[in-house]
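Structural overview for review
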Amino acid sequence: KIFQAVVSCIGHDGTIYIIPKSFESELNKLMTEIQSNFKCLGLLEPYCWKKGEACIVRGSDTLWYRGKVVELGGNTLQVQYIDHGCIERIPQCHLYPTTLYTGIPPFCIPCQLYKTAPIGNVWQQDAVDCLQELLKNEAELPDNPWGKLSINLYFGGISLSSFMAYQKYCVAENCQDIAKLELLEGDVPVLPSYKLPVLPVPGDTVPVRVTHLVSPKEVYICLDPSENLTKQSATVGDANCDSESLDEALKWCNKSVESLPLLTHFQTEMPCLVEYQDGLWYRAKLLSVEEFDPVRILVQFVDYGSFLVVPTSRLRHIPYHLLKYPVQAVRALLAGFKPALYDENVKRIPYCPEWSVEALWAMMECIEGKQLSASILALSPEVTISLCEDDKNLVHMKLIEMGLAALDE
């Protein structure tokens, strides 16, 4: 059973106290009733407290809570807030003995991580501090719990047991998210990577084709070898020859792809071959784990710029010789225009809300299947270009005419 819960307290021994979301309404009702029934000060006259005795305790927020005496000593007693789990040393004047509400079970549940043992069999203070910083969200509940409930706890989609084992605080069976954490943290051996293309210098104008559109301002381009608008450097010409050789190499790989092993270890920026929707395999790199059950990985096709989430069955090791070819797709920002004034009634691009969906479609029509040229304006900090059609008209002028963009000086 899976349920949503709030982590109310982490005990000094690593016990995790949770309050199921389904209990919150009843707990709030009880708290309201306690406040209405107890409008007094704490017990001012001497009283002989007993260990385990029920009481109500005035918290630092001046509200009354159900409590239980767990340790005696002097003018202060150690008291546990039974509906939240935390233990505090409280002056006797902030306590009041009561037999009211003792028939209502505590609303918090003491839990321990399922099949997880702390290093040295005791949770160290730094591990407890780490737990206190991390915990929230949901837990997985076994059918017949007793004693401390053994749970699988998740925060941000990550198994807490795996996270604590990854940080060397404990040993856990079935550390299901270790590979995911390694991918996110980048704590992995250095891997071979793709070569970057040699780009024309600022001031050059080169034929390009747009291979992927992220937003009206952000595109991925490939240098087009079909014609030259200005003289290209020999190195760029070599890159174009590489492109032809890359096509041949990929054709060969697709014929023998079954002989290439599937990926079993995932690292960010890791080069690989990925099966696209057309059934062919292309060069790509791993970006992140998007889902765990089943595992699905976000990849980017380095020769096109496009992204895809795929199962691990569509990921294979890339032959080393395919890494010698520079990536073909270059991310570029388009200069000279900016989004039109924001209109909340217009449908926006979810990941780029400054732009409307209509502007995205309009830009797509401007570039799709057309021969374009790019004037290189800057290579740093980001590749910045002006994109023109055959007739030298700037591509973005169509968006400005439609009121979907504005000139940006």
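That block above? That's the structure.
Residues numbered from 1 in each chain as written. Predicted model: local features only at pLDDT ≥ 70, side-chain atom pairs only at ≥ 80, totals over all residues. Heavy atoms only, no water.

Attention shifts here to the pairing of strand β1 (residues 2-10). Sheet topology note: the β1/strand β2 (residues 16-20) ladder contains five bridges and is antiparallel. What sits directly across from Val7, in β2, is Ile18. Between β1 and β2, which pair antiparallel in sequence order, lie five residues; one of them, Gly14, sits at a positive phi of approximately 90°. (Pairing = 2+ DSSP bridges. Helix = DSSP H or I, 4+ residues; strand = E, 2+ residues; numbered from the N terminus.)

Attention shifts here to the pattern of salt bridges. All told, the structure shown has eleven salt bridges when counted by the stated rule. Among the salt bridges present, the one from Glu269 reaches Lys285, with a minimum N-O distance of 3.2 Å. Linking Glu269 in the loop between α5 (234-255) and β16 (271-275) with Lys285 in strand β17 (residues 281-291), this pair joins segments that are 16 residues apart in sequence. You can call Lys285 buried: its relative accessible area is 19%. Note that Glu291 is salt-bridged to Arg296, the shortest N-O span being 3.7 Å. A network of salt bridges, in which partner residues are shared, links Glu218, Arg331 and Glu382. (Salt bridge = Lys/Arg side-chain N within 4 Å of Asp/Glu carboxyl O. Buried < 20%, exposed > 50% of the residue type's maximum accessible area, 1.4 Å probe, protein only.)

This part covers the nonpolar core. One finds Ile221, Trp355, Met363, Ile367, Ile385, Leu387 and Leu399 to be the most contacted residues of the largest nonpolar core, which totals 30 residues. With seven residues, the single largest contributor to this core is helix α6 (residues 357-367). Judged by nonpolar contacts, the second largest core, of 23 residues, contains Tyr17, Leu30, Val57 and Phe107. (Core = buried A, V, L, I, M, F, W, Y, C linked by side-chain atoms within 4.5 Å.)

Let's shift gears to α6. Looking only at α6, the buried set comprises Val357, Ala359, Leu360, Ala362, Met363, Cys366 and Ile367. One or two positions beyond α6, positive phi appears at Gly369, with a value near 70°.

The next thing to look at is the environment of Val346. Inspection of the secondary structure assignment puts Val346 in the loop between β22 (337-339) and β23 (348-349). Owing to a relative accessible area of 29%, Val346 belongs among the partly exposed residues under this scheme. The sequence separation of Val346 and Glu358 amounts to twelve residues, and the corresponding C-alpha distance is 8.6 Å.

Our focus in this paragraph is the packing of aromatic side chains. Under the criterion given, the structure shown has eleven aromatic pairs. Taken together, a centroid distance of 5.8 Å and an interplanar angle of 90° make the contact between Tyr282 and Tyr304 edge-to-face. Here Tyr282 is found in strand β17, whereas its partner Tyr304 is found in the loop between β18 (296-301) and β19 (307-311), with 22 residues between them in sequence. With relative accessibility at 35%, the residue Tyr304 sits in the partly exposed group. An aromatic cluster is built from Tyr276, Tyr282, Phe301 and Tyr304, whose rings are joined through pairwise contacts. The ring of Phe337 carries Lys217 above its face, with NZ or CZ at 5.1 Å from the centroid. (Phe/Tyr/Trp six-rings, centres within 6.5 Å; stacked < 30°, edge-to-face > 60°. Lys NZ or Arg CZ within 6 Å of the ring centre and 35° of its normal.)

A word on the sheet that holds strand β20 (residues 315-316). As summarised here, the arrangement of the five strands in space is β19-β18-β17-β16-β20, forming an open sheet in which the pairing is antiparallel. At either end of the open sheet lies a strand with only one pairing partner, and these are β19 and β20. Here β16 pairs with β20 via two bridges, running antiparallel. Within the sheet, the bridge partner assigned to Leu273 lies in β20 and is Arg316.

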